[in-house]
Amino acid sequence: MKKTIKGAAFVIGDDIDTDQIIPAEHLVYSLDDPEERRFYGRYALSGVPEPVSGLPRGHIPFTGEDDFTSPYKIIIAGKNFGCGSSREHAPFALQVAGAEAVVASSYARIFYRNAVDGGFIIPYESREDLTSVISTGDEVEIDGEQNLLINHTTGQNYPLNELGDVLAIVEAGGIFQYAARNGML
Amino acid sequence: MAMTLTEKILARASGRSHVDAGETVWVDVDILMTHDVCGPPTIGIFKREFGDDARVWDKNKVVIIPDHYIFTADKYANRNVDILRAFAAEQDLPHFYDVGGDRYKGVCHVAMPEEGFTRPGDVLFGTDSHTCTAGAFGQFATGIGNTDAGFILGTGKLWVKVPETMRFIFEGEIPPWIMAKDLILQIIGDIGVDGGTYRAMEFAGDGVMRMDMEGRMTLTNMVIEGGGKNGVVEPDEVTFDYVRKRTDYPFTPLYNDPDARYHSVRVYRSEELQPMVAKPHSPDNKATVQEVRNTRITRAYIGSCTGGKITDFEAAARIIKGHQVGVDTFVVPATTLVRDQLSTTFHDGKSLRQIFEDAGAHIGEASCAACLGGPSDTFGRLQGEEICISTTNRNFPGRMGSKKAQVYLASPYTVAASAITGKITDPREYLNIPTESQGVLS
Ligand code: SF4
C-alpha cells in the first residue's frame, strides 16, 4: 500500500452508480487480455452525464476519447459512491484508467468490498463532502499515515477516516494476499 | 444473548454460538452463484490464484446460470458463455444451466428458488447485486464481486461484517390494488438509496406474511436499491411449502429472538399505501401515481428478476385483458418456466400469452433483456429519448440502454394500466376501484 498518493483530482457528485463508472455495454471485454482490458480505462466514468462530469464546470471526460488512461489520479465524490451492481469491473476500470484512490463521503458496500478485496483502488472516506471545495484539476495528495487529503492548489487540508477493519487487507494488497499472509491458503 | 435472524445465520455459518452486529467473521458458504457477466472473470481469478488444475471447493455448491447477454450477436458476450461451458465441463459441475438446451433457465434470481437453492438458514453469495432476492426465503444472501467469488471457489469461505437489521413492518391487510413493488418503492423513497447501507433490511408484519413467495421476493430484490446488504423475511409455512416442493436438501430455518436488537423499526399501515413510482433517475425519487398521473410515456416494459415472475404477468394481464396497448410494450418472462407458464396460466379463459399478444405487446425470450441495457441488439433496449415505465428495479441514467431516456419504475399493475393509455395511470381505473374512495389522496 502506498502511503502517499499525489495527482490531479477529478470531482463528481453523489450516488455515482456502477453503470456510470463503467456502462454495462462495455462489460464484455476480457479483464486479462492486455489489448482488450485497456478499454476499461477508456470507458471508465464514461456513463457520468456530461454536465456533471468533472465538477464544478462539468463536460470534462475522465479519459479522453482516444486515450486508454486518465490524467486524473484521485477521484473526489459525494455520498454512496459505487451504488448499483456488484460488478468488479467498476473499481477495476478506475485502476486501469490509472486512478489510485477515491475519496468519497460514503460508499455502497459491494463497491467498497470489491475495491479492497481486489486491491484495485483505495476507498478513503472523507469526514465532510469535498465535492464543493475541490475542483477538477486541483493538485491533491493523500497522506495515508496521517489520514489527510491535502489540496496543494488551494492550500487546504481535510481529514479522512481511518481505514479501520479493512486496513490489513488494503496493506496486503487484496484478500488473497491477506489470506496467504495469515496462513489461510 | 438475543440475536436477529441475520445474526443467527452468520453465527451458525461461522461456527460460533453468538455474533454481534459490527463484528467481522469468516463464514462457510452454502451456495455460490454466478452468471455470464461475472462468471468468466471469477473463473479467471480462481485459476490465477489456485492454479490451472485447481478444483472448486465443492462442486455441488456452485451454481452457474447464464442470463444477462444471451440472445445477442455480440461476439464477446457469446464468448463469455463459452467460458462458462468449458469450466462447467472441466469441473464436472452439476448445476450449470447452459444456453440453448432444455436446461436453460434465464434470470438467475428467479431460477435459484425454482431449482431449490434458496434454503432457509443457509448462506448464499452471488456475483450479482440482486442476490439479496433470496432473503425472501430466510436465507442470508448478498452480492459480491469476482475476487471474492474466486476466493470462495477455492476455499468455500468469505469474510463478512455482521450487519445491523432495519425492520419494516406492514400492519394490516394490503389493499388489492397495491403490489409488493409499491411497498418497496415507498420504503426506498423514505430511506433513500443509501438508507440501508451495510445493514440487513427485514420485512415483517401480517401485510408481508400474507404475501406469496413471489411478492416477498419483490421486496427483498430491491433491498440493494436502498443500499442494503441483505433483505430478509422470517420463514414460515409458505416458505417451507415452496422450498420442499423443489428440493429434498435438508435445511435448518432460523428466526429472530423475541428480544433481538434492531437498528430501527418502521411501521406502515397497509391500508394507507398508494400505488407508487420512482421517477427518473433514481429508485428513491418517489412519487405516488396520483402525483404524476397523465405524464406521457412512450414505452412500457414488464420483466426482470423483480417484475418478470408469473404473478407479475398475472397482475398485468388482469388489467390489459380486452384492451390494446397504446405504446410499445415489451413482455419478458424472467425464466423459461415463467415463459411456459404464460401459455398455461389462464385469466377469464384466455392464456396470459394470448392476452398480451391480442393487446399488441411484444413477448421476448427469458433473460435479463433490456433491464440493464445490454448489447445494442437486445430485446426492448432503450435506444434514444424514450420515456419508459418499467417493472424493473433500477432507473439510473443509461441503465436500460440510453442515457437520454427516462425510466419510471412501478408495479406490474401500474405499468399495465399506463401501457394502455400511454400516460402514467392509476391501476384502480382498470380494476374498477374509485381512486377517490381512499380519502388519503392529497
Ligand atoms: S433482471 Fe435485471 S436486475 Fe435482475 S439480474 Fe438481470 S439485469 Fe440484474
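Residues numbered from 1 in each chain as written. Chains lettered and ligands numbered in written order. Predicted model: local features only at pLDDT ≥ 70, side-chain atom pairs only at ≥ 80, totals over all residues. Heavy atoms only, no water.

S.K.: What is the right way to read the overall build of chain B from this model?
M.R.: Check the secondary structure of chain B and you find 15 helices and 19 strands. Its C-alpha radius of gyration of 21 Å places chain B within 12% of the 22 Å reference for a compact globule of 442 residues. The C-alpha extent of chain B, read off along each of the three principal axes, is 60 × 55 × 40 Å. Looking at chain B residue by residue over its 442 residues, the buried ones come to 65%. Accessible area for chain B stands at about 14,900 Å²; split by element, carbon and sulfur atoms hold 46% of it. Computed over 46 positive and 58 negative side-chain charges, the separation of the two mean positions in chain B equals 3 Å. (Helix = DSSP H or I, 4+ residues; strand = E, 2+ residues; numbered from the N terminus. Rg over C-alpha atoms; globule rule 2.2 N^0.38 Å. Buried < 20%, exposed > 50% of the residue type's maximum accessible area, 1.4 Å probe, protein only. Areas by Shrake-Rupley, 256 points an atom, 1.4 Å probe, with all protein chains shown as cover. Lys, Arg positive; Asp, Glu negative; His and termini not counted. Charge placed at Lys NZ, Arg CZ, Asp CG, Glu CD.)

S.K.: Even after reading the chapter, I still don't get the site of the ligand, so can you show me in this structure?
M.R.: Taken together, the neighbourhood of the ligand is formed by B:His68, B:Val107, B:His109, B:Asp128, B:His130, B:Ser304, B:Cys305, B:Cys368, B:Cys371, B:Leu372, B:Asn393 and B:Arg399. Per-class residue counts for the shell around the ligand are five nonpolar, five polar and two charged. (Near = heavy atom within 4 Å. Nonpolar A, V, L, I, M, F, W, Y, C, P; charged D, E, K, R; others polar.)

S.K.: In this structure, what is going on with the packing of aromatic side chains? I would like to understand it.
M.R.: Geometry of an aromatic ring pair is reported as the spacing of the ring centres plus the angle between the planes. All told, the structure shown has 27 aromatic pairs over all chains when counted by the stated rule. Pairing A:Phe39 with A:Phe68 gives two aromatic rings, centres 5.4 Å apart and planes at 90°, and the pair type is edge-to-face. Of the two residues, A:Phe39 sits in helix 2 (residues 34–43) while A:Phe68 sits in the loop between helix 2 and strand 2 (72–77), which places them 29 residues apart along the sequence. Residue classification places A:Phe39 among the partly exposed positions, given a relative accessible area of 23%. Ring geometry for B:Phe46 versus B:Phe87: centroids 6.0 Å apart, planes at 80°, classification edge-to-face. With a gap of 41 residues between them, B:Phe46 in helix 2 (residues 39–50) and B:Phe87 in helix 3 (residues 75–91) connect regions that are remote in the sequence. A residue is classified by how much of its surface remains accessible, and B:Phe46, at 0% relative accessible area, is buried. Taken together through their ring pairs, the aromatic side chains of A:Tyr29, A:Phe39, A:Tyr40, A:Tyr43, A:Phe68, A:Phe92, A:Phe120 and B:Tyr76 make up a single cluster. (Phe/Tyr/Trp six-rings, centres within 6.5 Å; stacked < 30°, edge-to-face > 60°.)

S.K.: Before we go on, may I ask you to explain the pairing of strand 19 (residues 406–410) of chain B in this structure?
M.R.: Along any regular strand, the residues point their side chains to alternate faces of the sheet. Residues and elements named next belong to chain B. Of all five residues in strand 19, four are buried, a share of seventy percent or more. Direction of pairing for strand 11 (residues 276–278) relative to strand 19: antiparallel, over a ladder of two bridges. For Ala278, the partnering residue across the bridge sits in strand 19 and is Leu409. Relative to strand 19, strand 18 (residues 387–390) runs parallel, the two sharing four bridges. Paired with Ile389 across the strands is Tyr408, a residue of strand 19. (Pairing = 2+ DSSP bridges.)

S.K.: How should the packing of helix 3 (residues 89–97) of chain A against helix 4 (residues 109–117) of chain A be read in this particular structure?
M.R.: Pairs of packed helices are described in terms of their axes, by the angle between the two and the distance that separates them. Residue and element names in this part refer to chain A. Running from N to C, helix 3 and helix 4 cross one another at 50°; their axes reach a closest spacing of 8 Å. As summarised for this structure, helix 3 and helix 4 are arranged oblique, according to the angle between their axes. Between helix 3 and helix 4 lies a crossing whose hand is right-handed. Residues Ala90, Pro91 and Leu94 of helix 3 pack against Phe111, Asn114 and Ala115 of helix 4. Residues that form the contact of helix 3 with helix 4 fall into these classes: five nonpolar, one polar and no charged. (Axes fitted to C-alpha atoms, helices over the stretch in contact; angles between N-to-C directions. Parallel < 35°, antiparallel > 145°, perpendicular 65-115°, else oblique. Left-handed = near helix turned anticlockwise from the far one by under 90°. Contact = heavy atoms within 4.5 Å.)

S.K.: Help me understand the sheet that holds strand 9 (residues 230–232) of chain B in this model?
M.R.: Paired through backbone hydrogen bonds, the strands of a sheet run either parallel or antiparallel to each other. All names here are of chain B. Strand order in the open sheet formed by four strands is 9-8-7-10, with parallel pairing between adjacent strands. For this open sheet the edge positions go to strand 9 and strand 10 (264–269), each flanked by a neighbour on one side alone. Going across the sheet, the axis of each strand differs from the next one's by a mean of 20°, ignoring polarity. Note: strand 7 (residues 165–171) against strand 8 (residues 200–204), five bridges, orientation parallel. If you follow Arg167 over to strand 8, its bridge partner there is Glu202.

S.K.: Sorry if this is basic, but what is going on with helix 4 of chain A here?
M.R.: Residues spaced three or four apart along an α-helix face the same direction, because each turn holds 3.6 residues. Residues and elements named next belong to chain A. Within helix 4, nine of the nine residues are buried, leaving the element largely enclosed by the surrounding structure. Buried within helix 4 are the following residues: Arg109, Ile110, Phe111, Tyr112, Arg113, Asn114, Ala115, Val116 and Asp117. Taken from the residues just after helix 4, Gly119 is the one with a positive phi, measuring 65°.

S.K.: Would you take a moment to explain the sheet that holds strand 2 of chain A for this structure?
M.R.: Residue and element names in this part refer to chain A. Strand order across the open sheet formed by seven strands is 4-3-2-1-5-6-7, with mixed pairing between neighbours. Each edge of the open sheet carries a strand with a single partner, namely strand 4 (122–125) and strand 7 (156–159). Neighbouring strand axes in the sheet, compared pairwise and without regard to direction, differ in orientation by 30° on average. Across four bridges, the pairing between strand 2 and strand 3 (residues 101–104) is parallel. Opposite Ile75, over in strand 3, you have Val102 as the bridge partner.

S.K.: In this structure, what is going on with the domain arrangement of chain B? I would like to understand it.
M.R.: One frequently used descriptor of interface size is the decrease in accessible area upon assembly of the parts. Residue and element names in this part refer to chain B. Each domain of chain B was delimited in the assignment, giving domain 1 (5–268) and domain 2 (276–429). Taken together, the contacts link 38 residues of domain 1 with 39 residues of domain 2. Both sides of the domain 1 and domain 2 interface together cover about 3,300 Å² of buried area, and 61% of this is carbon and sulfur. Counting every contact that joins domain 1 to domain 2 gives two salt bridges. Its salt-bridge partner being Arg394, residue Glu225 comes within 2.5 Å of it at the nearest N-O pair. For the interface between domain 1 and domain 2, the tally reads 22 residue pairs in polar contact (both at pLDDT 80 or more). Of all the elements in the fold, those that place two or more residues in the side of domain 1 that touches domain 2 are helix 4 (108–114), helix 6 (180–191) and helix 8 (213–221). Classifying every residue of the side of domain 1 that touches domain 2 by side-chain character gives 17 nonpolar, eleven polar and ten charged. (Domains from an automatic or database assignment. Buried area = accessible area lost by both parts, 1.4 Å probe. Salt bridge = Lys/Arg side-chain N within 4 Å of Asp/Glu carboxyl O. Polar contact = N/O pair within 3.5 Å; in protein donor to acceptor, adjacent residues only side chain to side chain.)

S.K.: Before we go on, may I ask you to explain the packing of helix 12 (residues 310–320) of chain B against helix 15 (residues 412–421) of chain B in this structure?
M.R.: All names here are of chain B. As a packed pair, helix 12 and helix 15 sit with axes 8 Å apart at the nearest point and diverge in direction by 35°. Handedness of the crossing formed by helix 12 with helix 15: right-handed. Contact with helix 12, carried on its side by Asp312, Ala315, Ala316, Arg318, Ile319 and Ile320, involves Pro412, Tyr413, Ala416, Ala417 and Ile420 of helix 15 and no other residues of that element.

S.K.: I tried to follow helix 3 of chain A on my own but got confused; where do I start?
M.R.: Residues and elements named next belong to chain A. Counted residue by residue, helix 3 has eight buried out of nine residues, so it is predominantly covered. Within helix 3, burial applies to His89, Ala90, Pro91, Phe92, Ala93, Leu94, Val96 and Ala97. Two residues or fewer after helix 3 comes Gly98, characterised by a positive phi angle close to 105°.

S.K.: Is there a simple way to think about the interface of chain B and chain A in this case?
M.R.: In this complex, chain B contributes 46 residues to the contact, which on the side of chain A involves 44 residues. Taking both partners together, chain B and chain A bury about 3,600 Å²; carbon and sulfur atoms supply 58% of that area. It is B:Thr147, B:Trp159 and B:Tyr198 in chain B that bury the most area against chain A; as a group they hold 16% of the surface buried on that side. Notably, a salt bridge pairs A:Asp19 with B:Arg399, separated by 3.5 Å at the nearest N-O pair. Connecting chain B to chain A are 15 residue pairs in polar contact (both at pLDDT 80 or more). Taken together, the elements giving at least two residues each to the side of chain B that touches chain A come down to strand 1 (24–28), helix 2, helix 3, strand 5 (140–143), helix 5 (146–155) and strand 6 (157–161) of chain B.

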